[in-house]
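Observations on the model geometry
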Amino acid sequence: MTDLTRRTMLAGATAAAAAPLAATSARAAAPPTGKQVPSYYRYKVGDYELTTILDGVRQVKLDASPFRNAKLEDVQAALGASYLPKDAVGYYFHPTVVNTGSKLVLIDTGNGPGSIQSGTGQTPANLAAAGIDPKSIDIVVISHFHGDHISGVRAADGALAYPNAEIMVPAKEWAYWINEGTAAARPRACSRPSRTPSASSVRSPTR
Amino acid sequence: MSELTRRRLLAGASAAGAALALTPFVTTSSQAAAPPAGAQAPGWYRYKVGSIEVTVVTDGANTFKFADTHVGNKSRAEINAALAQAYYPPDLMTTPYNPVVVNTGAKLVVIDTGTGEATFERSKGATGQFQRNLAAAGIDRNAVDIVLISHFHGDHINGLLTPDNKLTYPNAEILVPAAEWKYFMDDGEMSRAPAGRMQDVFKNLRRVFDTIGRKVTPYEPNKEVAPGITSVATPGHTPGHNSHIVASGASKVYVQADVTHVPFLFVRHPDWHAFYDQDGKMAEETRRKVYDMLVAEKMMVQGFHYPFPSLAYVEKSGSGYREIPVPWNPTI
């Protein structure tokens, strides 16, 4: 208590907010780590264990409205209402792993190894952090054929990212995008190379 | 392709949704999946406030059946209705405990300490996680320079002690609110405190502070208690409760401690007086003052009892407020 009293008096004497109350040893704090925690999150759905995996966030500059039926100012107002910056939109990409007890299933694969520069393609790193071995994935279920969902089926070296997995794709999506007859009829806006899967990037179901 | 077509036909043939769900579509090998991990991601999250690095480190969360008196001026039915609106089950209260670590560049500061590592085994790992998550975040407890205490409830101070009653942060100065110290260390106040919970609060904090020989440094409100960290008096929850503003450059975050408890009840309904608000009316006045400021200043709030990582903005909503969680940032 005497120590306390002395300290209190000292603190009182320095008064001004500019003078920190705490001990003023010359020792610097531990260096900042500069590192973020791995981005995954786990929860149960009944007996199933689900793991949400973040593939990353892509910041897209907001020069014009990205949405057909919304004005730029309306998009910016919506961002402002959520306390988000108005000059860019951060797009999130979250594949999900489902362990059903009998199968380990990956739903969608993220932007793939070619997108690391833009802040995505982190699915393999976050899977590893979550303790999930890509070789133990039994099934990859694809929701649709946009690049942010399918590009992760291949690793950086071109090999299959989930070598032991059956890759399941929506039959309708396959018929539409892969069938040469419908390819000719697709709208031009949807045929940008970055959004178009090549047939070779998707393994046909084996049975 | 023919394979695909056959499958579609089969799916079509089984027509009813229920039939489909019962008959798994996929291969039926007898091999089991990889075993479930059964573990959550490490419980820490980092962000910058100007040049200051803030790490939210969870101590875990406690879930318990709440008493009829949990909120003095609201009935169980009203609490359950608010829980249902937030998609929580009835009659259960889930309380997260999320202290923060602030690296100011000059000082490594822990703000509040959690329920203590000793609760880890008792709670089967639900709480008492702070030391584990701190280590996972790459922070050495021996490197902590300052432990800054907001108020003297057990979930904020019990982590000052290791399970064997040693100092958790052997090299840290422990800063406590002067008003809190004056009130709770006063034997007269203790003798007048009602039996039951309030006596237990007094007994617990004296156990903790007596174990460390009462070696603490009281601080006043409106002081820069560490570089970039300023204390603010926010009384009501306890008599000497303080919050802390962490500021660097143009950035600020309001580390509120218990100005509100869980946001889905007490941010939405600032007029609700929970039993742990020692002076319910004063706590409400403080709550409204702080939250009006947070709205006006568009300042981020770091809430000790907000769900992890407990970082949000606040907007007005009806007669109360609503928190808007800050989106997860995978980089810092």
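Residues numbered from 1 in each chain as written. Chains lettered and ligands numbered in written order. Predicted model: local features only at pLDDT ≥ 70, side-chain atom pairs only at ≥ 80, totals over all residues.

Turning to the sheet that holds strand E7 (residues 139-141) of chain A, a few remarks are in order. Residues and elements named next belong to chain A. Reading across the sheet, the six strands line up as E1-E2-E5-E6-E7-E8 and stay open at both edges, with mixed pairing between neighbours. Pairing within the sheet leaves two strands with one partner each, and these edge strands are strand E1 (40-45) and strand E8 (166-168). Averaged over all adjacent pairs, the angle separating strand axes in this sheet is 20°, with direction ignored. For E7 and E8, the ladder comprises three bridges, and the chain directions are parallel. Each bridged residue has a counterpart across the sheet, and for Val 141 the counterpart in E8 is Met 168. (Pairing = 2+ DSSP bridges. Helix = DSSP H or I, 4+ residues; strand = E, 2+ residues; numbered from the N terminus. Axes fitted to C-alpha atoms, helices over the stretch in contact; angles between N-to-C directions.)

Counting residues in hydrophobic clusters, the biggest one holds 77 residues, and the most contacted among them are Val 54, Val 102, Val 109, Val 147, Leu 148 and Leu 175 of chain B. What Val 147 of chain B contacts, discounting residues up to four positions off in sequence, is Val 110, Thr 113, Leu 160, Tyr 169, Ala 172, Ile 174 and Leu 175 of chain B. Core analysis: the next-biggest nonpolar cluster, separate from the first, contains 26 residues, Leu 104, Leu 127, Tyr 162 and Ala 165 of chain A among them. (Core = buried A, V, L, I, M, F, W, Y, C linked by C-beta atoms within 7 Å. Buried ≥ 20, exposed ≤ 12 C-beta atoms within 10 Å, placed from the backbone. Contact = placed C-beta atoms within 7 Å.)

Residue and element names in this part refer to chain B. Overall, mixed pairing links the seven strands, which are arranged E1-E2-E5-E6-E7-E8-E9 in an open sheet. Bordering the open sheet on either side are strand E1 (44-49) and strand E9 (217-219), each of which pairs with just one other strand. Strand after strand, the sheet turns through a mean of 25° between neighbouring axes, direction not considered. Pairing geometry for strand E5 (residues 100-103) and strand E6 (residues 108-111), over four bridges, is antiparallel. Bridging from a neighbouring strand, Asn 103 pairs with Leu 108 of E6.

Let us look at unusual backbone geometry. Residue and element names in this part refer to chain B. Here the bond from Phe 308 into Pro 309 is cis, since omega is 0°, no more than 30 degrees from zero. Structurally, Pro 309 is set in the loop between strand E14 (300-303) and strand E15 (311-317). Positive phi, normally seen in glycine, also occurs at Asn 165, with a value near 65°. With respect to the helices and strands, Asn 165 occurs in the loop between helix H6 (154-157) and strand E8 (173-177). C-beta crowding within 10 Å serves as the criterion here: with 11 such atoms nearby, Asn 165 is assigned to the exposed category.

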